[in-house]
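So the chains spell out like this:
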Amino acid sequence: MAVIAEPLAQAARRSLFSLALENRNVLGAMFMLPALAILILFLAYPLGLGLWLGLTDTKIGGEGRFIGLENFVSLSKDNVFWLSVFNTIFYTVTASAIKFAVGLYLALLLNERLPFKSVMRAIVLLPFVVPTVLSAIAFWWIYDSQFSIISWVLIKMGLIHSYIDFLGDPWNARWSVVLANIWRGVPFVAITLLAGLQTISPSLYEAANLDGATNWQRFRFITLPMLSPIIAVVMTFSVLMTFTDFQLIYTITRGGPINATHLMATLSFQRAITGGHLGEGAAISNAMIPFLAAAILLSFFGLQRSKWQQGGRD
């Protein structure tokens, strides 16, 4: 009986497996399980742990206790924290706006019939290919108070008489890291928008030319509306990456001078890892979530507006 029962059990298992493969829902769930496990392990768990640590007074090397919202109350009275919020918003808005303007210009330029266009595209993409830390070290040398190549050139041209203190003055330092981020991020915006331009049908421009449309009218009523969904996605990613930037700031300025370039990300690292106060650092990171959620929701609801996608008004 046991000899007969074993083949029957194997046949039943094979039948269930075959039915599972034939069911699209079951098959889809099977394929999603690895991705789901990765998301839980590397996204959901760290996020949950960070939210929990933000509600405790945990320090490196010791177990913390639950203190509720005390870390957030303390941050609300922390001038350095509010300065980092201002720096983060200024850094994100300024860099993202300039990256979009320059990236769109380069995309329109590279979409034209130019000689050596492939070489130019490769050159435009180069800053994005170079590792971020290497780019930051290069800018750190460019902004050096004694050996800055920018100051040296300006002095030789007779435009200035002394070296510029790029990283020692608060506002000079802010603009310096903004320019570094722009140099780093423009290629992503330009190449992505260029890909979007390639999808616009040339027949639309031909019809506009027959109607006597100017270059500005073709851009305003054809290029911009057709490119709007791509712009929304690109700018969402650009804002998220800029808002959470860490490597450029930490490598170039470490948040200085006098916290003038501290972003929320770098301040969180300083308080949690360098300072040892994991709970406080996690609370600063958690304070970034509303800003990031607002950017994502703005893009999501914007993409659902079909009239806006087509360049019309709701």
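Before reading further, recall that the structure is shown in the block above.
Computed from a predicted structure; not experimentally measured.

Quick look at the pattern of salt bridges now. All chains considered together, the criterion is met by 3 salt bridges. A salt bridge links Arg65 to Asp57; the nearest nitrogen and oxygen atoms lie 3.4 Å apart. Here Arg271 and Asp78 are joined by a salt bridge, their closest N and O atoms 3.0 Å apart. Note that Arg271 is positioned in helix 12 (residues 264–274) and Asp78 in the loop between helix 3 (70–76) and helix 4 (79–110), a separation of 193 residues in sequence. For Asp78, a relative accessible area of 16% gives the class buried. Through salt bridges with shared partners, a single ionic network connects Asp78, Arg271 and Glu280.

As a further point, take the packing of aromatic side chains. Summed over all chains, the structure comprises 15 aromatic pairs. Seen from their ring centres, Phe81 and Trp82 are 5.3 Å apart, and the 65° between their planes marks the pair as edge-to-face. A residue is classified by how much of its surface remains accessible, and Phe81, at 6% relative accessible area, is buried. The class of Trp82 is partly exposed, set by a relative accessible area of 45%. Look at Phe86 and Phe90: their rings are 6.2 Å apart centre to centre, the planes differ by 20°, and that puts the pair in the stacked class. Taken together, the positions of Phe86 and Phe90, both in helix 4 and 4 residues apart, correspond to about one turn of that helix. Every member of this aromatic cluster is reached through a ring pair, and the members are Phe86, Phe90, Trp171 and Trp175. Stacked on the ring of Phe128, the Lys or Arg Arg184 has its end atom at 5.5 Å from the ring centre.

Counting buried residues along helix 13 (residues 278–287), 7 of its 10 residues qualify, which places the element largely inside the surrounding structure. Taken together, the buried positions of helix 13 are Gly279, Gly281, Ala282, Ala283, Ile284, Asn286 and Ala287.

Here the amide bond leading from Gly256 into Pro257 is cis, since omega sits at -5°, within 30 degrees of zero. Mapped onto the secondary structure, Pro257 falls in the loop between helix 11 (247–252) and helix 12. Positive phi values are uncommon outside glycine, yet Ile258 reaches one of about 45°. In this structure, Ile258 sits in the loop between helix 11 and helix 12. Exposure remark for Ile258: the relative accessible area of 71% places this residue in the exposed category. Even without being glycine, Asn259 reaches a positive phi, approximately 65°.

Evaluated as defined, the whole model comprises 1 cavity of 30 Å³ or more. Of the volumes computed, that of the largest cavity is approximately 50 Å³. Forming the boundary of the largest cavity are Asn87, Phe90, Tyr91, Arg174, Val177, Val178, Ile249, Ala260, Thr261 and Leu263. Put simply, the parts of the chain that give the lining of the largest cavity at least two residues each are helix 4 and helix 8 (170–198). The residue inventory of the lining of the largest cavity, partitioned by class, reads 7 nonpolar, 2 polar and 1 charged.

In this section: the nonpolar core. Counting 18 residues, the largest nonpolar core has Leu104, Ala107, Leu193, Leu197, Leu227 and Ile231 as the members making the most contacts within it. Secondary structure elements with two or more residues in this core: helix 4, helix 8 and helix 10 (215–243). A total of 6 residues in this core trace back to one element, the largest contributor, which is helix 10. Among all residues touching Leu197, those that are not within four sequence positions of it are Ala107, Leu108, Asn111, Thr223 and Leu227. Of all hydrophobic cores here, the second largest spans 16 residues; its members include Phe90, Val178, Ile249 and Ile252.

The rules behind each value
Residues numbered from 1 in each chain as written. Predicted model: local features only at pLDDT ≥ 70, side-chain atom pairs only at ≥ 80, totals over all residues. Heavy atoms only, no water. Salt bridge = Lys/Arg side-chain N within 4 Å of Asp/Glu carboxyl O. Helix = DSSP H or I, 4+ residues; strand = E, 2+ residues; numbered from the N terminus. Buried < 20%, exposed > 50% of the residue type's maximum accessible area, 1.4 Å probe, protein only. Phe/Tyr/Trp six-rings, centres within 6.5 Å; stacked < 30°, edge-to-face > 60°. Lys NZ or Arg CZ within 6 Å of the ring centre and 35° of its normal. 1 Å grid on protein atoms, 1.4 Å probe; cavity = no way out; pocket = protein on both sides within 12 Å on 5 of 7 lines; lining within 4 Å. Points joined across faces, edges and corners; volume = space filled by probe spheres on them. Nonpolar A, V, L, I, M, F, W, Y, C, P; charged D, E, K, R; others polar. Core = buried A, V, L, I, M, F, W, Y, C linked by side-chain atoms within 4.5 Å. Contact = heavy atoms within 4.5 Å.

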